[in-house]
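Chain by chain, the residues:
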Amino acid sequence: MSLDIEHIIVHSLFLDEQGQTQLNTREQELDTGPAVNDLMGELHHIYNTKAGKVFGYFNEEEDSFRDLVRRVEDESLSFTAFSHQASQRLLDELTRLDMNEPGVLLFVRYQWLGAHYLLIALLDNKDSVTVTDKLDVSHASYLDLGKMQLAARLDLTELRTRPDSRRYFSFIKGRAGRKVSDFFLNFLSCVEGMDPKAQSQGLLKAVDEFCEARQLSQEEKQESKALVNKYCREQLKEGEELEMRELSAELGGDNDLDFYQFVSDEYQLEDKFPVDRSALKGLTKYVGSGGGLTISFDQKLLGERIQYDEHTDTLVIKGLPPNLKSQLLKG
């Protein structure tokens, strides 16, 4: 599905000789063309399929990023001027926290599937070498899109139609060991709202209890969980969110009980939310770790090759994986 790029511009954050972050701004928007379209198409795909995104909404502070968004949306501020002022906000936040974050700062407003979005990303600009057409070796720079860590997307359509929503902002949580909220959320005047991981864990609990309510056999439970797992992984692969009505149709139900109705009555789950990939293991596997021990196995093996005795708190496994058995024999 093609994107319609409405406005796009890049600026640069760089370190000066004293090691302080400085801002270099571009004065005109980028012209769209094959290179820009390819860049945006890849960015959109990477962002959509990036795991671990969190959702949020604007805080109520004055002189906020939301004010800039309002002005650019009512066209009292040009997109270029908006990006300049927003870039300065980010630089001020970095300076306040005494942080250095060089990179290419991208602002793009685009349309996809009938909705309008504002994507803001701080991209790493990497140095490398390349072989030219004349077979000379030369230095080159490139954007490391695959390792995009600092990015946020504002759903402008949802903000306009559902201003009370707690999920019109989405953002990537940042590098390992440091949350994006250190400075990026402050820059965006944004606070965390819906948590996809908590929603996904609630979904697993709902599926378990739905199967119990329908009095399904163990085999039928496993089949239902496998259906949920398949649906969720297909949505993840396509960069799409779980839709509860679609999932309910996949699961089916009794004449007087379907999954959507069951969830609506008993659980605080959104009609749509992005699935947390790590939570899906709980649909088809038993997983646990602690005290130097990590165990994971398919749920269907319990009662067959694997027996659990709750009185002695032991697992008996028949038929070890060959690679594990080999390691055990070697001692």
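Our structure is the block above this text.
Quick summary incoming for the structure in this document.

The rules behind the values
- Residues numbered from 1 in each chain as written.
- Predicted model: local features only at pLDDT ≥ 70, side-chain atom pairs only at ≥ 80, totals over all residues.
- Heavy atoms only, no water.
- Core = buried A, V, L, I, M, F, W, Y, C linked by side-chain atoms within 4.5 Å.
- Buried < 20%, exposed > 50% of the residue type's maximum accessible area, 1.4 Å probe, protein only.
- Helix = DSSP H or I, 4+ residues; strand = E, 2+ residues; numbered from the N terminus.
- Contact = heavy atoms within 4.5 Å.
- Axes fitted to C-alpha atoms, helices over the stretch in contact; angles between N-to-C directions.
- Left-handed = near helix turned anticlockwise from the far one by under 90°.
- Nonpolar A, V, L, I, M, F, W, Y, C, P; charged D, E, K, R; others polar.
- Phe/Tyr/Trp six-rings, centres within 6.5 Å; stacked < 30°, edge-to-face > 60°.
- Patch = residues over 30% accessible without salt bridge, like charges linked within 9 Å, V, L, I, M, F, W, Y side chains within 5 Å.
- Areas by Shrake-Rupley, 256 points an atom, 1.4 Å probe, with all protein chains shown as cover.
- Salt bridge = Lys/Arg side-chain N within 4 Å of Asp/Glu carboxyl O.
- Lys, Arg positive; Asp, Glu negative; His and termini not counted.
- Charge placed at Lys NZ, Arg CZ, Asp CG, Glu CD.

Next up on the list: the nonpolar core. One broad rule of soluble globular proteins: the nonpolar side chains tend to lie buried together. Ranked by size, the top nonpolar core spans 36 residues in total, and within it Phe65 and Phe82 carry the most contacts. Per-element accounting of this core gives the leading share, 6 residues, to helix α3 (residues 79–96). Look past the residues within four positions of Phe65 in its chain and what remains in contact with it is Phe58, Phe82, Ala86, Arg89, Leu118, Ile120, Phe169, Phe187, Leu188 and Ser189. If you look at the next biggest cluster of nonpolar residues, it comprises 28 residues, including Leu204, Ala206, Val263 and Tyr267.

A separate point is the packing of helix α7 (residues 218–237) against helix α8 (residues 244–251). Relative to each other, α7 and α8 sit at 140°, their axes nearing to 10 Å. As for the relative orientation of α7 and α8, their crossing is right-handed in sense. Residues Ser224, Leu227, Val228, Tyr231 and Gln235 of α7 touch α8, and the partners they reach there are Glu246, Leu247, Glu250 and Leu251. Split by residue class, the contact of α7 with α8 holds 5 nonpolar, 2 polar and 2 charged.

So, about the packing of aromatic side chains. Throughout the structure, instances matching the rule amount to 14 aromatic pairs. Measuring from ring centre to ring centre gives 5.1 Å for Phe58 and Phe169, while their planes differ by 80°; the resulting arrangement is edge-to-face. Pair noted here: Phe58 is in strand β3 (residues 54–58) and Phe169 is in strand β9 (residues 169–171), with a separation of 111 residues, a long-range link. Here the aromatic rings of Phe262 and Tyr267 are separated by 5.7 Å at their centres, their planes lie at 45°, and the arrangement is tilted.

Along the polypeptide, Asp271 turns up in the loop between α9 (259–266) and β14 (272–273). Exposure remark for Asp271: the relative accessible area of 44% places this residue in the partly exposed category. A C-alpha to C-alpha distance of 31 Å links Asp271 and Leu106, two positions 165 residues apart in sequence. Setting aside anything within four residues of it in sequence, one finds Asp271 in contact with Leu242, Glu243, Met244 and Tyr260.

So, about a nonpolar patch on the surface. Taken together, the side chains of Tyr286, Leu302, Tyr308, Leu315, Ile317, Leu320, Leu324 and Leu328 present a nonpolar region at the surface, about 680 Å² in accessible area. Mapping Tyr308 onto the fold places it in strand β17 (residues 306–309).

This part takes up the pattern of salt bridges. Pairing is possible between side chains of opposite charge, provided their charged atoms come close. Here the structure, examined in full by the defined rule, presents 11 salt bridges. Glu212 serves as the salt-bridge partner of Lys221, at 2.5 Å between the closest nitrogen and oxygen. Salt bridges here are not isolated pairs; linked through shared partners, they connect Glu6, Glu73 and Arg109.

In this structure, Asp98 takes a positive phi of about 55° despite not being glycine. Within the secondary structure, Asp98 is located in the loop between α3 and β4 (103–112). Judged by its relative accessible area of 63%, Asp98 is exposed. Notably, Leu113 is not glycine yet its phi reads approximately 55°, a positive angle.

A surface patch of like charges, here negative, comprises Glu238, Glu240, Glu246 and Glu250. Note on placement: Glu246 falls in helix α8.

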